[in-house]
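# Coordinate analysis (summary)
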Amino acid sequence: MTKKVLMLAAKANMIQQFNHRNIKILQDLGYEVHVATNMVDFGSMSAEENERFKQWMNDNKVLAHQVDFERRMGSLRGNIRSIEQLRQIFKKNDFAFIHVHSPLGSILGRLVAKQFKVPTVYTAHGFHFFKGGPKIGWLVFYPLEWAFSFITETLITINDEDYELAEKHMHAKNLIKINGIGVDVEKSWSVTDQEKKAVRKKIRKELNIPYDAFVMSSVGELSDRKNHRIVLEALKLLQSEQLQNIYYIIAGTGANGYILKQLAASFNFEKHFKLLGYRSDIHHINYASDVSIFPSFQEGLGIAGLDATVDGTYLIGADRRGISDYIRNNINGALFSPDDVEQLKKLIMNQVNSEKRFNKSKWLANFGEKIVDEKMLSVYGGFDK
């Protein structure tokens, strides 16, 4: 009899961004992998990426099920519809277990799985309640996560703060910490300084940035949560002569592009500020940068910042869980309060005036793909026993 497993998230981008390798691990273990998600309202990726993901599932014999999950926590009517769609999927398939992601997907998925007596693995991609976070997260999401932890077989957390909180307050049968999806540390560390210099020259020429300019970069959605605005506000505090050789580039798409452009124009920085849109060559952007800035208010385990520091780029990051996990002050970067403009300005100027560049830190190998995959293999393999 064919072993079946269901991978579930409210929006398709959660599967596309975080679970390609998990799906392959499951298939290598002999599972027929099903995916239940919303591929129409697919979340924070482009329509082209969504189509590529659907084609990837088809090419890799992943069975996809459309579930009309709504945005955020959904409406009562919408959630009832999603539950019924899930129940139909469960009735037709005898799943050994399911792996759920995202708050809404994990709650509705665990509800239906409980009804069908199917064990659940839940990856919390950053609890929506955290130190320094809004009170609404603690009032709404903490009680939900606490209650549903009682019907969770294995809870996976991806940063230290969430793990410590779950250890004290959650009730899943098994609790483990995994460093997100991991990054390809070995590949990044195999790139030579000469190769990086060649890429630096190429990217700067493409972007019309002088080779000797001081370039800061950020990667991420142009949204309030990603907080790119504070970088421009910090630059606005500098004198015009200090800004002459500074450039700031952002790789990402989102609704805040116009607002950010207006802010840059307010202090005549618009010619040195570049929105690159979606880029598939993020490592090259890192090599072309003198500093990477990751100012996000909230992360599970911010892969953009992790990629930058593994690539050897000095990282100035917000002092929030999921970022502070991999920054060691004055070693591979510096931490700042994500609402402290003056502190960020000082950190930027410290790097502008510094010749120091950090070398690779061996402890970052703990965030490698191989270690993450070994842990996921252990989680999934436990259901074969």
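Everything numeric in this text was worked out from a predicted model, so none of it was measured.

### Quick word on the overall build of the chain
- Along its length, the chain carries 16 helices and 13 strands.
- Radius of gyration (C-alpha) of the chain: 22 Å, near the 21 Å computed for a compact globule of 385 residues.
- Projected onto the principal axes, the alpha-carbon positions of the chain cover approximately 70 × 40 × 40 Å.
- Counting over 385 residues, the chain shows a buried share of 54%.
- Sequence separation of 24 or more characterises 70% of the internal contacts of the chain that already satisfy a separation of 6 or more.
- For the chain, the exposed surface amounts to about 18300 Å²; the carbon and sulfur share of it is 51%.
- Where the 51 positive side-chain charges of the chain centre and where its 44 negative ones centre are 1 Å apart.

### Things to note about the pattern of salt bridges
- Under the defined criterion, the tally for this structure stands at 21 salt bridges.
- Among the salt bridges present, the one from D160 reaches K177, with a minimum N-O distance of 3.4 Å. Taken as a pair, D160 in helix 7 (residues 160–169) and K177 in strand 7 (residues 174–177) lie far apart in primary sequence, 17 residues in all.
- D160 sits in the partly exposed class, given a relative accessible area of 36%.
- Salt-bridge contacts for E186 lead to K370; the nearest nitrogen and oxygen are separated by 3.4 Å. Highlighted residues: E186 in helix 8 (residues 185–189) and K370 in helix 16 (residues 369–381), separated in sequence by 184 residues.

### Remarks on the sheet that holds strand 5 (residues 120–124)
- Spatially, the 7 strands line up as an open sheet ordered 3-2-1-4-5-6-7, and their pairing is parallel. Among the strands making up the open sheet, the edge pair consists of strand 3 (63–66) and strand 7. The mean angle between the axes of side-by-side strands here comes to 20 degrees, regardless of whether they run parallel or antiparallel.
- Relative to strand 7, strand 6 (residues 154–157) runs parallel, the two sharing 4 bridges. By the bridge assignment, T157 is partnered in strand 7 with K177.

### As for the packing of helix 5 (residues 103–115) against helix 6 (residues 135–149)
- Contact geometry for helix 5 and helix 6: axes closest at 11 Å, N-to-C directions at 30 degrees. Judged by the twist between their axes, the crossing of helix 5 over helix 6 is left-handed. Within the contact between the two elements, helix 5 uses P103, I107, R110 and L111 and helix 6 uses F141, L144, E145, F148 and S149.
- Considered class by class, the residues forming the contact of helix 5 with helix 6 number 6 nonpolar, 1 polar and 2 charged.

### Observations concerning helix 14 (residues 303–310)
- Taking burial as the measure, the 8 residues of helix 14 include 8 buried ones, the bulk of the element.
- Those residues of helix 14 lying buried are I303, A304, G305, L306, D307, A308, T309 and V310.
- Elements that come into contact with the buried residues of helix 14 comprise helix 8, strand 8 (214–219), helix 13 (282–287), strand 11 (291–294) and strand 12 (314–318).
- G312 occupies a position one or two residues after helix 14 and carries a positive phi of about 95 degrees.

### Looking at the packing of aromatic side chains
- In total, this model carries 14 aromatic pairs according to the counting rule given.
- Here the aromatic rings of F90 and F95 are separated by 5.3 Å at their centres, their planes lie at 80 degrees, and the arrangement is edge-to-face.
- Look at F95 and you get buried, because its relative accessible area is 4%.
- Ring centres of F129 and W138 lie 5.1 Å apart, and the angle between their planes is 55 degrees; on these two criteria the pair is classed as tilted.
- Since its relative accessible area comes to 35%, W138 is described here as partly exposed.
- Through successive ring pairs, a cluster of aromatic residues spans Y31, F97, Y380 and F383.
- The cationic tip of K3 hangs over the ring face of Y31; the distance from NZ or CZ to the ring centre is 4.3 Å.
- One cation-aromatic arrangement involves R328 over W363; the distance from NZ or CZ to the ring centre is 3.9 Å.

### Describing helix 2 (residues 20–28)
- Turning to helix 2, its buried residues number three or more, namely N22, I23, I25, L26 and Q27.
- Positive backbone phi, at 95 degrees, marks G30, one or two positions downstream of helix 2.

### Some remarks on the environment of F127
- Its place among the elements puts F127 in the loop between strand 5 and helix 6.
- For F127, a relative accessible area of 1% translates into the label buried.
- Each C-alpha atom of the pair F127 and N159 lies 9.8 Å from the other, and the pair is 32 residues apart in sequence.
- Not counting the four nearest positions on each side in its chain, F127 is found in contact with E145, L155, T157, D162, L165, A166, Q298 and R321.

Rules used in this analysis
Residues numbered from 1 in each chain as written. Predicted model: local features only at pLDDT ≥ 70, side-chain atom pairs only at ≥ 80, totals over all residues. Heavy atoms only, no water. Helix = DSSP H or I, 4+ residues; strand = E, 2+ residues; numbered from the N terminus. Rg over C-alpha atoms; globule rule 2.2 N^0.38 Å. Buried < 20%, exposed > 50% of the residue type's maximum accessible area, 1.4 Å probe, protein only. Contact = heavy atoms within 4.5 Å. Areas by Shrake-Rupley, 256 points an atom, 1.4 Å probe, with all protein chains shown as cover. Lys, Arg positive; Asp, Glu negative; His and termini not counted. Charge placed at Lys NZ, Arg CZ, Asp CG, Glu CD. Salt bridge = Lys/Arg side-chain N within 4 Å of Asp/Glu carboxyl O. Pairing = 2+ DSSP bridges. Axes fitted to C-alpha atoms, helices over the stretch in contact; angles between N-to-C directions. Left-handed = near helix turned anticlockwise from the far one by under 90°. Nonpolar A, V, L, I, M, F, W, Y, C, P; charged D, E, K, R; others polar. Phe/Tyr/Trp six-rings, centres within 6.5 Å; stacked < 30°, edge-to-face > 60°. Lys NZ or Arg CZ within 6 Å of the ring centre and 35° of its normal.

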